[in-house]
Amino acid sequence: MSMSFSAVSVPFMESKVSRRSYLCSSAYQFSLRAPANYLHSESGRQVLLHGGPVHFCRRFCGLKQWIVENLHLQKQKQELRPTNEFKSIKNQLKDHLQEDSNDETTKITSQVEESSVSSFQPHVSVDVSTTSAKSPSMPQTLSSKFPYECGEGPTLCIAVIGATGELARGKIFPALFALYYSGFLPENVCIFGYSRKDMTDEDLRSMIASNLTCRVEHQQNCGDRTDIFLRRTYYINGGYDNREGMSKLNVLMKQFEGKSEANRIFYLSVPQEALINVACSVADNAQSLKGWNRVIIEKPFGFDGLSSHRLTQSLLSKFQEKQIYRIDHLLGRNLIENLTVLRFANLVFEPLWNRTYIRNVQVILSEDLGVQAGRYFDGYGIIRDIVHSHILQTIALLAMEPPISLDGEDIRNEKAKLLRSVQKLEPSDVILGQYKARAGDKVDAYMNSLTPTYFAAALYIDNARWDGVPFLIKTGMGLIKHRVEIRIQFRHVPGNVYRERMGHNIDLATNELILRDTPDEAILVRVNNKIPGLGLQLDSPELNLLYKDKYNVEVPDSYEQLLLDVVDGDSHLFLRSDELAAAWNILTPVLNEIDKKNIAPELYEFGGRGPVGAYYLWAKHGVPWAED
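Cut-offs used in this document
- Residues numbered from 1 in each chain as written.
- Predicted model: local features only at pLDDT ≥ 70, side-chain atom pairs only at ≥ 80, totals over all residues.
- Heavy atoms only, no water.
- Pairing = 2+ DSSP bridges.
- Helix = DSSP H or I, 4+ residues; strand = E, 2+ residues; numbered from the N terminus.
- Axes fitted to C-alpha atoms, helices over the stretch in contact; angles between N-to-C directions.
- Contact = heavy atoms within 4.5 Å.
- Phe/Tyr/Trp six-rings, centres within 6.5 Å; stacked < 30°, edge-to-face > 60°.
- Buried < 20%, exposed > 50% of the residue type's maximum accessible area, 1.4 Å probe, protein only.
- Lys NZ or Arg CZ within 6 Å of the ring centre and 35° of its normal.
- Salt bridge = Lys/Arg side-chain N within 4 Å of Asp/Glu carboxyl O.
- Parallel < 35°, antiparallel > 145°, perpendicular 65-115°, else oblique.
- Left-handed = near helix turned anticlockwise from the far one by under 90°.
- Nonpolar A, V, L, I, M, F, W, Y, C, P; charged D, E, K, R; others polar.

This part covers the sheet that holds strand β13 (residues 454–459). Strand order across the open sheet formed by nine strands is β20-β17-β16-β15-β11-β14-β13-β12-β21, with mixed pairing between neighbours. Only two strands of the sheet have a single partner each, and these edge strands are β20 (542–546) and β21 (602–604). Neighbouring strand axes in the sheet, compared pairwise and without regard to direction, differ in orientation by 15° on average. Pairing analysis gives eight bridges linking strand β11 (residues 358–366) to strand β15 (residues 483–490), with the strands arranged antiparallel. The residue bridging I358 from the neighbouring strand is F490, located in β15. Taken strand by strand, helix α12 (residues 381–399) contacts β11, β12 (430–435), β13, β14 (471–476) and β15, and its axis lies near 145° from that of β14.

Turning next to the packing of aromatic side chains. Considering all chains together, one arrives at 11 aromatic pairs under this definition. Aromatic side chains Y435 and F606 sit 5.0 Å apart centroid to centroid with 65° between the ring planes, which places their arrangement in the edge-to-face category. You can see Y435 sitting in strand β12 and its partner F606 sitting in the loop between β21 and α17 (613–620), a full 171 residues away along the chain. With respect to burial, Y435 and F606 carry one shared label: buried. One residue, R205, lies across the ring of Y234, its end atom 5.1 Å from the ring centre. Here R384 stacks its cationic end above the ring of F303, 3.7 Å away from the centre of that ring.

Moving on: the pattern of salt bridges. Enumeration according to the criterion identifies 25 salt bridges in this entry. Two residues, D557 and K171, come together in a salt bridge whose shortest N-O distance is 3.2 Å. With D557 in the loop between α14 (547–550) and α15 (558–568) and K171 in helix α5 (residues 166–181), this residue pair connects regions lying 386 residues apart in the sequence. For D557, a relative accessible area of 28% corresponds to the partly exposed category. Salt-bridge contacts for R264 lead to E257; the nearest nitrogen and oxygen are separated by 2.8 Å. A relative accessible area of 1% means that E257 is categorised as buried.

A few words now on the packing of α5 against helix α7 (residues 222–231). Close contact between α5 and α7 brings their axes to 10 Å; oriented N to C, the two are set at 120°. The angle between the axes of α5 and α7 places the two elements in the oblique class. Here α5 and α7 pass one another in a crossing that is right-handed. Touching F173, L176, F177, Y180 and Y181 of α5 are R225, T226, I228 and F229, all from α7. Of the residues belonging to the contact of α5 with α7, the class tally is seven nonpolar, one polar and one charged.

Listed below in structure tokens is the structure:
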């Protein structure tokens, strides 16, 4: 009886008489279709040895001793089982892959191994490249999928779910590449792109290659590193059954990982309506059993407090809190990372960081063009997209109490306490706006919607440090300029003897700390100073630390920073479930009023300064307006 194989791949395990020097460092397998690599049995069947010419000697040193040691123990030759029996096993594997059970998949894999030649008992894997078209449950060409060898250390598999989307193409893959060529990803890393489109590995590589660039300081060997990165990137067509698709992904990851410690990251770049299904499929079918698993989830994190709670409960039923990384790319800016450094590493600031010295805090994020305007009109709006995560997280990092350490959980504990101390927003302390559409604007069709493109509000924190200090928020699109900054205005000097020399507007002489991210990243301190010359004239110049003049480095993209944090297990810039709930609790009264249509956005000119009502809101709380 005979059985038709395209190839049988045989990684030899260490025997009692063999030396460890000829072993692969893991069970990670690959094969080259070179005629010299085939051994022919008496039945004419071809047995494909792993490795190829480069690794041939090293991998099979001691093979002769192994054969001599084992041949005399075999009393008879065992023939391979019939072809129909192999088909039966293959069908069992397909059925079990559809049942989303990792344990069952392992059990079926062992059945395939036992059906092979007993003399190759330690492990035999079957190359099913010729039958992959007939069995959609199996990834194609498993034994030859990875053309390089896994090293000694732990492996890292990163799966980008939704790999053909704009976010993955434009941000995620370029960020992973930047981390790879900068040396922040381990050498034993493999990138998997997963989506429903019918593509090949080469199609995915061609799609992302145009977006991969090296920074100025990493131009050396850029082309070689790009090629290596692309060769480590593979595509999986998950089809329309995510359970089956994730099982396929799991099989491929296991092929790469072998027996090494296996860590996995799953970036769920999928629409909100598909998130639960994809997340549950990952949890049930694709998690590693030999290392940690981390799941990255994109905002928005629900539509309101109730939907967010349901989403959280669904995720926590499948993952532990420490496995979930809710990402907001705006939190990966260097400005945000620098907040705690300025506060806790500088004695000049920390004693002043309270209601006694600080008059108000302004957080400003404005876009000058209607870039990505569609996302603001799809029912989520600027409150759910920007304010809920980025703005409130910025305030939490700025105003929280000192953490006991820099551990991510210690910082998140303090952020959660701060957010729970924020008063619920009153509709009277909120200004909504929507810019007027002009001829040719793409948002004309949406102007009947009440979804805001501008949000201004005054927040207060009920604790001893910040009682009575207004935190003013201003964020919008279609404004006069693109600006991202935090302005901390200090109180006037009590009994200031120079008051008469400061002119009629004492607010112009207010000391101010400005943390600017855009247009040019800088730290500015406004102080009062005597103008050189005769007489006594005062001025309020800015002491300027301009990053581009001081530091000759290219600032990494925010996705690079956040993905590196996920790899390192640093969670301080990611929202925990209790932070999420506290943020929704702050915004819920305003969202309810908007849903009831009790608040309508004020129209403002595209390219203008925003709704006039925002000026009155600032004046109501005694805050001088920061000039645009």
